[in-house]
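Per-entry structural report
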Amino acid sequence: MNLQIRKPERIVIVGGGMAALTTAFELTSRPDWRERYDITVYQMGHRLGGKGASGRNQKRFDRIEEHGLHLFYGFYDNAFSVLRRCYDELARPAGAPLRTLEDAFHPHSLVVFEEQRGGQWHHQPLLFPRNDERPGAGTATPTPAQLIPKMLTFLLDLFDEQPLLKNPAATRGDRAALRLLRRGVAGLLGDLGEFLQRPGDGLVVVRREALLGRLLTFSRWTWRLCAPLLERRPDLRVAWTAVDVTLAMIRGMLADRLVEETAVDWLRLDHEDFRAWLRRHGASDEAIHASTVAGVYAGAYMADQEIGAGTALHWTLRMLYTYRGALFYKMQAGMGDVVFAPLYLVLRARGVNFRFFHRADALRLSADRSRVEEVVFGRQVAVKDDREYEPLYDVKGLPCWPSEPLYDQIEHGDRLADSGENLEDWGTRWPDAREPLVLRAGRDFDRVLLGIGLGAVPALCAEMIADPDNPRFAAMVRAVKTTHTASAQLWFRGDLASTGWQLPPPVMIPHAMPLDTWADMSHLLKRESFPGHVPAGSCAYLTAAMDDDQEPPVGREEAHGYCARQTARIRRLTEQHLRDSSAHLWPAAQKPGGGLDHRLLVTTDVGADPLDWQHFSPCLNPSDRYVRSIRGSTVHRLDAGASGYDNLVLCGDWTMNPMNLGCVEGATMSGIRAAQVISGEAIALHDDWLAARRPALRPPARERPRYIQRALNESTSPPYEARATAMYAAVLRAEPERLATLCEQHLGLNPARCYLPLGPSVVFYAQHNHALSAVDAPGVVPERDFGFLVPVAVCERRAGRLVPVGVAVYMPYLWVDLGAALLGGREVLGFPKGQARLAFPAAPDGAVELRVDAWLPPARGRGDTWREERLIDASLDGSARSRVRSLADALRSGFDLAWLASRGIDLAGQLRLLRALTLTLRTGGLKMVFLKQYRDAAACDRACYQAIVEAPCTRAGAPRVASQLPGALQLRILRRSGLLSELGLHGEGDDPERARVPALATFYTELDFTIGAADVVWAA
């Protein structure tokens, strides 16, 4: 007995950021995942997290050190879903810190926007209403039409939250103005609700234009009403701009007809800047330059850039109108502690392998550039006794990542600690402990998941960028831009109130550069270990995009010293910011003459500037650079499965994902999409509007019911045997584009497989099966069948490429003269058989005449009856000259290399197809492909079952007769049947009823063959 043992697919994950870990989490969420996958994560340095990594400084009281400000928005459905499942599985005991997701993430609703007018900065606090929804619960995302009422309701709630309406000291006129504005919004809510609920009819355009006009009029009216109030009360300007921008977004959604779509293709708006889009739809200049809109740009690290309108609009709508619970959630420890330590612990417990201190150096292609052949890792250190590195340590009962490696586990760890070298620094001079680790395809891995940041791709993927056969990869690297980001953390001796800040703890954006974003993160102090004699009362996080002051290094050699220079630069920028711009934030913390009094900062270094004790963080390596969404760039992003290489899957917030913005939700979405590509399964991905652009994933397998056999049933089972079959085959010239359209319409259902015409030819065949039998029925029957064959290339979609795996024939049309053959053929394999009277000659040596007489509907008129008509007749014209002289000539005429190349099949694929076609002709074995479907009884424009079926057809022995007939078969086809157009045939002659189609060559054969049991390669 020969047992076939399926080995798990070996997956190498390069990088340990949110996208890569999400892929690992989703792939291992099935109980049987070990039977399917063997997963290893390779990570540079000592910790996971990528751009979201954080660490604890053991030398400075376990303080949390991060790069940037890490917050979760309330609409992060996918990220919260992953973490909710992770925390549930982690199952920390009662009393443990951050035991549940709700313990780890606390809601935050206050955003303080900053506006500069007349050289002065003004606070514009906005308290976002809360709701009862739970983040990560997976409820459906509203459509644009459903969002518009929510947008106006949100404005009403926003008005109700504003302190002015509740302040008895406010003037009556001010309160009246806001109440009048609120009533106007409420009126619009009613009108828009009526418009969106009414079904479309001939007046829909008229109503839409009238509504757009009213929206514009209302915006101008609100400006006239509110302008005097806003001059006196700049703190209220944010509420007015919220109205103006919201109405502009609604106008744009109506005018650009987004409300008519359930899954909006946001990419179609990304050629235009978001501010330009708002202006085009009536937003005032005052509004588009307001702090709320500037906050969208600053939040995406694009304060001085143009962001794609589709990406920005989608982000803004999700952020403001679909958040669950609260606008923001603040993590109750460092992001590494809250996100990446739990993910690591769960994945390791499941059985995922982790290899720390493995720096990815190169991905190398195979000789034919079709796949990744090698992955090269630098082994930075050796762990003592070759044990598994344990990366976490305990801080007040919470597993945490240290800011530096745990040196006691590393060979020569003391020397590494004393050297000051940082193994996460792309330009570190610390020598690798061992020779490079070279993993090879087939031997060490089956698939690679590239999960590093885009900034590192040029260094690792130089061969792919230079690959002339895959220009999309290089185009993506050129078009999608990244930026350096600056980050500073300040620990104050006193609490927030002692600095002079008079509002509750904020998230503030956008303030003065070079650090335009600030959040108070004092709640983290309780997770740190400051002793009583080192008072730490508050903590501030500051961040912003930072222009490159030199060309960013690509190679490691040119990166030496870069991080140190950028750290010093951020320290200087922070000092400048605290000197020039901190008085607006912390007026009571200024020294005489201006500038922040550094003595108010925490330090333990006697005699040193306390500013030096704070934390300044650059991008340690190119992978840390933030990905931007500059207008016109997102279309160049590649989907997880579109790397262009058979065994390479992409993930990261830089890939094509439903968010297309640098954020943890975008990274999570990309990771889930990569898991879909690897597994082929429809893993849940919330708000996946890109799904409409991709082939559907294969539905999960289901148990099939037993077939009910009746006493008298003409449906029989394969294999079917045909004995003493006589067949004519005529090669016809056809338009390959029409054939490709036909194959796509009929067979383009399988996301993993497609069928492409081999070239500009169709075969008309007519055969008489003298003895046809089935395996489960006694006896034989005679049967005739005539039809058309389209030779096709069977291709798999691998990493965005078409890879030929064989040849087949597709029969879009055929007719039989036996009812049992019609019923069984349709029911079992999916033959599209129709019934007809078929005329077949007794022998090929006389006059060859073939006819198909079928019942057809009338050309027009519902009262007319169907009648039997001559659909096709064919006769052999002995005087005509055959256009090909042999079967080899016919083969060449129907196999077009230029056509195949134009459809994306490279030279290696063309040669593979030619070998497969030659083998088919030599052995007589070919594959037949069918569309098997049944019309639904209730919804008649739908199929209740649909499948792509592939069945083997094998010739039994050599043909008894095989010859080319003299002359050429002349077909006459009924024009109104549609066959000419569907098959791309060139009809000749002036007859208005029938077109003449001459054959290139005609062949006659007598043979036996068998059609075997089929494979269902796709079903729905």
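Here is what the cut-offs are and how they apply
- Residues numbered from 1 in each chain as written.
- Predicted model: local features only at pLDDT ≥ 70, side-chain atom pairs only at ≥ 80, totals over all residues.
- Heavy atoms only, no water.
- Pairing = 2+ DSSP bridges.
- Helix = DSSP H or I, 4+ residues; strand = E, 2+ residues; numbered from the N terminus.
- Axes fitted to C-alpha atoms, helices over the stretch in contact; angles between N-to-C directions.
- Buried < 20%, exposed > 50% of the residue type's maximum accessible area, 1.4 Å probe, protein only.
- Lys, Arg positive; Asp, Glu negative; His and termini not counted.
- Salt bridge = Lys/Arg side-chain N within 4 Å of Asp/Glu carboxyl O.
- Polar contact = N/O pair within 3.5 Å; in protein donor to acceptor, adjacent residues only side chain to side chain.
- Contact = heavy atoms within 4.5 Å.
- Parallel < 35°, antiparallel > 145°, perpendicular 65-115°, else oblique.
- Left-handed = near helix turned anticlockwise from the far one by under 90°.
- pLDDT = per-residue confidence, 0-100.
- Phe/Tyr/Trp six-rings, centres within 6.5 Å; stacked < 30°, edge-to-face > 60°.
- Lys NZ or Arg CZ within 6 Å of the ring centre and 35° of its normal.

**Structural notes on the sheet that holds strand β12 (residues 372-379)**
A sheet is described by the order of its strands in space; here three strands give the open sequence β11-β12-β15, paired in antiparallel fashion. Two strands in the sheet have a free side with no partner beyond their single neighbour: β11 (358-365) and β15 (437-440). For this sheet, the mean angle separating the axes of adjacent strands, direction not counted, is 20°.

**Some remarks on the side chain of Asp273**
Looking at the secondary structure, you find Asp273 in the loop between α9 (237-255) and α10 (274-280). Summary of buried charges: Asp273 has no salt-bridge partner, and the nearest side chain of opposite charge, Arg275, is 5.7 Å away. One polar contact links Asp273 to Tyr297, side chain to side chain, over a distance of 2.9 Å. At 3.0 Å, the side chain of Asp273 forms a polar contact with the backbone nitrogen of Ile307. Those residues within four positions of Asp273 in sequence are excluded, and the remaining contacts are Tyr297, Glu306, Ile307, Ala309 and Arg631.

**Regarding the packing of helix α3 (residues 77-90) against helix α20 (residues 664-679)**
Contact geometry for α3 and α20: axes closest at 7 Å, N-to-C directions at 70°. Viewed along their axes, α3 and α20 adopt a mutual orientation that is roughly perpendicular. Remark: the crossing between α3 and α20 carries left-handed chirality. Between α3 and α20, the contacting residues are Asp77, Asn78, Ala79 and Val82 on the first element and Glu665, Thr668, Met669 and Ile672 on the second.

**Thoughts on the confidence of the model for the protein**
Per-residue pLDDT for the protein has a mean of 88; in total, 89% of the residues score no lower than 70. Within the model, pLDDT remains below 50 along residues 1-5, and this stretch shows zero contacts once partners closer than five positions in the same chain are excluded. Between residues 199-206, whose pLDDT stays under 50, and residues either more than four places distant or in other chains, the model counts three contacts.

**Some remarks on the packing of aromatic side chains**
Across all of its chains, the model carries 38 aromatic pairs by this definition. Between Phe764 and Phe788, the aromatic rings sit 5.3 Å apart at their centres with planes inclined by 55°, giving tilted as the arrangement. Taken as a pair, Phe764 in strand β26 (residues 761-774) and Phe788 in strand β27 (residues 781-798) lie far apart in primary sequence, 24 residues in all. The class for Phe764 is buried, based on a relative accessible area of 2%. Taken together, the ring pairs connect Phe72, Tyr73, Phe75, Tyr76, Phe80, Phe105, Trp315, Phe328 and Tyr329 into an aromatic cluster. Over the ring of Phe831 we find Lys833; its NZ or CZ atom is 4.6 Å from the centre of that ring.

**As for the environment of Pro610**
With respect to the helices, strands and loops of the structure, Pro610 is situated in the loop between α19 (562-580) and β21 (615-617). Considering only alpha carbons, one finds Pro610 and Arg599, eleven residues apart in sequence, at a separation of 6.4 Å. When neighbours within four sequence positions are excluded, Pro610 is seen to be in contact with His598, Arg599, Leu601, Val602 and Thr603.

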